[in-house]
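Given next are the chains, with one letter for each unit.
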Amino acid sequence: MTTVAEHYANHLGPIYVWMAGGAEAALQAGAAEVDALNLPLAHHAAVLDLGAGFGAHSIPLARRGARVTAIDTSAELLGTLAQLAGNLPIQAVNDDLLAFQSHITQAPSAILCMGDTVTHLPDLGAVESLVESAAAALPPGGVFVVSFRDYSVPLVGDERFIPVRSDDARILTCFLEYEPEAVVVHDILHQLTPQGWQTRVSHYRKLRLPPEHLIASLQSSGFKVRREVGTRGMVRLVAQSV
Ligand SMILES: C[S@@+](CC[C@H](N)C(=O)[O-])C[C@H]1O[C@@H](n2cnc3c(N)ncnc32)[C@H](O)[C@@H]1O
């Protein structure tokens, strides 16, 4: 089984911005989501973006005056983030998001883990550990936002083949294979080359994280939780430290 980091380094990283509909559209969608969150951000507030990718949320946050620490294991996506961010106050950190506490220099006003990143964690124990670390890091009033896909009800038959994006030179399709606690995601990429169409396939595991499980875990760590519908139909949990 390919690890998440290998899957991004060898397969998704180079096409990620394309897959997300292009940088401009993705930054617009990220900005709309940041605005919908209405976060309690004083000027120069510190915000952590865990699994930041190429900055779809980090960049709009920094444009709104936050100082952002963007953590990701993909060096390629962080490189793209740095290019797109220019002089914005974003510190890009190539590390595991579970180690975020070692990169805090100022009490954060908000911690974000968006766009289905949390399901990339290896197991429910790691999710629990993330929740506990977020509860410990945030002062009262601070907000932890997690958006993710609910894979708890399995798709069946042909529904498991999901067209992600296509144009004249690329077709990306996803095939989902369900296990009791995870879903194996197969990303099938067809690319037009001077030699004709080439096909590459890579797969990795994502957690089937029931929203109720994460809500209960957040509540038992002392958060007040609001459930919303996020971008592209994801579950969005907005958890406030009390
Ligand atoms: C689906 S993308 C979401 C990116 C971004 N948050 C967004 O909404 O566009 C997941 C990201 O999480 C990163 N990632 C996955 N597991 C990680 C981990 N344990 N630590 C840090 N980054 C991780 C991947 O490299 C990838 O950039």
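Owing to the predicted nature of the structure, the values given are computational and were not obtained by experimental measurement.

**Let's talk about the domain arrangement of the chain**
No. 1: According to the domain assignment, the chain consists of domain 1 (4-150 + 208-241) and domain 2 (157-206).
No. 2: For domain 1 versus domain 2, the distance between C-alpha centres works out to 24 Å.
No. 3: Between domain 1 and domain 2, the contact holds 15 residues from the first and 22 residues from the second.
No. 4: Summing both sides of the interface, domain 1 and domain 2 together bury roughly 1600 Å²; the carbon and sulfur share of this comes to 59%.
No. 5: The largest per-residue losses of area from domain 1 upon contact with domain 2 belong to His11, Trp18 and Arg208, which jointly make up 50% of the total buried on that side.
No. 6: In this structure, the connection of domain 1 to domain 2 is made through one salt bridge.
No. 7: Across the salt bridge formed by Asp116 and Lys206, the nearest N and O atoms sit 2.8 Å from each other.
No. 8: In this assembly, domain 1 and domain 2 are joined by 10 residue pairs in polar contact (both at pLDDT 80 or more).
No. 9: Taken together, the elements giving at least two residues each to the side of domain 1 that touches domain 2 come down to helix H1 (4-12) and helix H2 (16-19).

**Let's talk about the sheet that holds strand S1 (residues 46-50)**
No. 1: Pairing in this open sheet of seven strands is mixed, and the strands run S3-S2-S1-S4-S5-S11-S10 from one edge to the other. Strands at the two margins of the open sheet, each flanked by one partner only, are strand S3 (90-94) and strand S10 (223-229). Across this sheet, the average inter-strand angle for adjacent strands is 15°, counted without regard to direction.
No. 2: The pairing of S1 with strand S2 (residues 67-72) spans five bridges and is parallel.

**With respect to the packing of aromatic side chains**
No. 1: A complete count under the given rule lists five aromatic pairs for this structure.
No. 2: By the ring-pair criterion, three or more aromatic residues cluster together here, those being Tyr8, Tyr16, Phe54 and Tyr204.
No. 3: A cation sits over an aromatic face here: Arg170 above Trp18, 5.0 Å from the ring centre.

**Let's talk about the environment of Val225**
No. 1: Position of Val225 relative to the elements: it lies in strand S10.
No. 2: Between the alpha carbons of Val225 and Gln240 there is a distance of 6.4 Å; along the sequence they are 15 residues apart.
No. 3: Excluding anything up to four places from it in sequence, Val225 contacts Ile215, Leu218, Gln219, Leu237, Val238 and Ala239.

The rules behind these values
- Residues numbered from 1 in each chain as written.
- Predicted model: local features only at pLDDT ≥ 70, side-chain atom pairs only at ≥ 80, totals over all residues.
- Heavy atoms only, no water.
- Domains from an automatic or database assignment.
- Contact = heavy atoms within 4.5 Å.
- Buried area = accessible area lost by both parts, 1.4 Å probe.
- Salt bridge = Lys/Arg side-chain N within 4 Å of Asp/Glu carboxyl O.
- Polar contact = N/O pair within 3.5 Å; in protein donor to acceptor, adjacent residues only side chain to side chain.
- Helix = DSSP H or I, 4+ residues; strand = E, 2+ residues; numbered from the N terminus.
- Pairing = 2+ DSSP bridges.
- Axes fitted to C-alpha atoms, helices over the stretch in contact; angles between N-to-C directions.
- Phe/Tyr/Trp six-rings, centres within 6.5 Å; stacked < 30°, edge-to-face > 60°.
- Lys NZ or Arg CZ within 6 Å of the ring centre and 35° of its normal.

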